[in-house]
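Breakdown of the fold
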Amino acid sequence: GGRGGADKKVKVQFNSSDTLFGTLRDVNFEQVGAHVKARATFLKSVQDEKDGLQGKSVTEIKEYVKKLREVNIQQEKNLLSLHTSIALRLKSAVTDHNFTRRLECEQGMIQGTMATDKYLDYAEEMICGSEPLPKVLRLLCLCSMINNGVRRYDALRAMLVQAHGIGVLVTLSNLERLGLLKKQESATSGISGLSSQIAAASISVAAAGSIAANLVAEKVTAVTGWDALRRRLNLVVDASEEERDADVSYAYSGYAPISIRLVEKALRPPPQGWMSLEESLKILPGPLFQQQQEPKGRALPWDITPPVCHISSKPSKVVVVVFIGGITFAEVSALRFLSRQQGGGAAS
């Protein structure tokens, strides 16, 4: 910390017992300030009500005492002060020029509203401006996955080596091996050799046409894969703020994560389930399968018989979603939102 402890950092552990935190952890960063202000207004109204108790009826005083039991005023004030400080720090971070510029660039890529050269120019600015390497690589990987590769990749790689040293080539190689980053082929690179392929083979005109059609289809699918997914899964929600707040896309300011859209589909009964999107899902990397688990006829040694329940109400449906490789906090918030919409429980 700084002199006199003015800049001393304190670790604070939050949990669901803090009602304000329970709300703030799932809202979009643009709405944090409004929620903190609303809570402050509520606490002030409770305090003002206390000052005006004189002359109130016994019933009204009892109601106020009941409210006090539900709201620990002093504790709430302390937590509000803490959350206000955090909200101010958050506001400073999200209004920073570098943050807003990067957010604009990422949203432009996802929505398809920004020219490729514009965000590649921004990537070069980040490299020359000594931005942290992870931020640069995240932008390039996003560009690669959306556009099926990065244009000007060789030039960008050379700039990264100059800025971060030869060791960055190992990181780039690992990203390429994982399929997160690659050089974009030109639109005609796969078709340029078509005439030589046809000339080298003694085949009919119909067969030559078939080869050309398959090759063109393969290239078109690779180039437009993201565009197809964006439309079919409704990944970008172009709506008013109120309409967006009623959809999982609120978590990313108008973008619905693919993972959450798949869970949303999986919760629907056949034929509206996620297998109805089989053709769209083939665009995504990795195998696609669905397995229906049937109850076994005999009990297994590890089976545990649940206790008898005399409650007549129908038990809530619980869906367990497993992510392998990591999940963002925004996706967790979107899952909670989806769980509330479905009226069930979700564990992630």
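Further up the page is the structure itself.
Here's a quick rundown of the structure. Counting restarts for each chain, with residues numbered from 1 along the sequence as it is written. Only residues with pLDDT of at least 70 are given local features in this predicted model, and only at 80 or more are side-chain atom pairs given and counted; all residues enter the totals for whole chains, interfaces and linings. Side-chain metrics in this entry use all non-hydrogen atoms of the structure; hydrogen atoms and water are not considered.

Focus: the overall build of the protein chain
Rule in force here: In this text, helices come from DSSP runs of H or I with a minimum length of four residues, and strands from runs of E with a minimum of two, each type numbered from the N-terminal end. Only protein chains enter the accessibility calculation, which uses a 1.4 Å probe; a residue is then buried when its area is under 20% of its type maximum, exposed when over 50%, and partly exposed in between. Contact criterion: two residues are considered in contact whenever any of their non-hydrogen atoms come within 4.5 Å of each other. Using a 1.4 Å probe, the Shrake-Rupley method yields the accessible areas, and only the shown protein chains count as cover for residues.
Each helix and strand counted, the protein chain has 15 helices and two strands in total. For the protein chain, the proportion of its 348 residues judged to be buried stands at 28%. In the protein chain, the proportion of contacts linking residues at least 24 apart, taken out of those at least 6 apart, comes to 62%. Looking at the protein chain as shown, the accessible area adds up to about 23600 Å², and 55% of this sits on carbon and sulfur atoms.

Some remarks on the environment of glycine 112
Tracing the backbone shows glycine 112 in the loop between helix 5 (97-111) and helix 6 (116-128). Measuring from C-alpha to C-alpha, the distance between glycine 112 and isoleucine 146 comes to 9.3 Å, with 34 residues separating the pair along the chain.

Quick word on the packing of aromatic side chains
Threshold: What counts as a ring pair is set by centres within 6.5 Å for rings of Phe, Tyr and Trp (its six-membered ring), and what kind of pair is set by the plane angle: stacked under 30 degrees, edge-to-face over 60, tilted for all other angles.
Taken as a whole and judged by the stated rule, the model has five aromatic pairs. Plain terms: the ring middles of phenylalanine 14 and phenylalanine 21 are 5.0 Å apart, the flat faces sit at 15° to each other, and that makes the pair stacked. What makes phenylalanine 14 partly exposed here is its relative accessible area of 26%. Each ring, one from tryptophan 226 and one from tyrosine 255, has its centre 6.5 Å from the other, and the planes form 40°; the classification is tilted. With tryptophan 226 in helix 11 (residues 205-232) and tyrosine 255 in the loop between helix 12 (241-244) and helix 13 (258-266), this residue pair connects regions lying 29 residues apart in the sequence. The two residues tryptophan 226 and tyrosine 255 agree in class, both being buried.

Here we look at the side chain of arginine 230
Structurally, arginine 230 is set in helix 11. Setting aside chain neighbours within four positions, we find arginine 230 in contact with Ile110, Gln111, Gly112, Leu235 and Val236.

Such coordinate-based values are descriptive only and should not be taken to indicate function.
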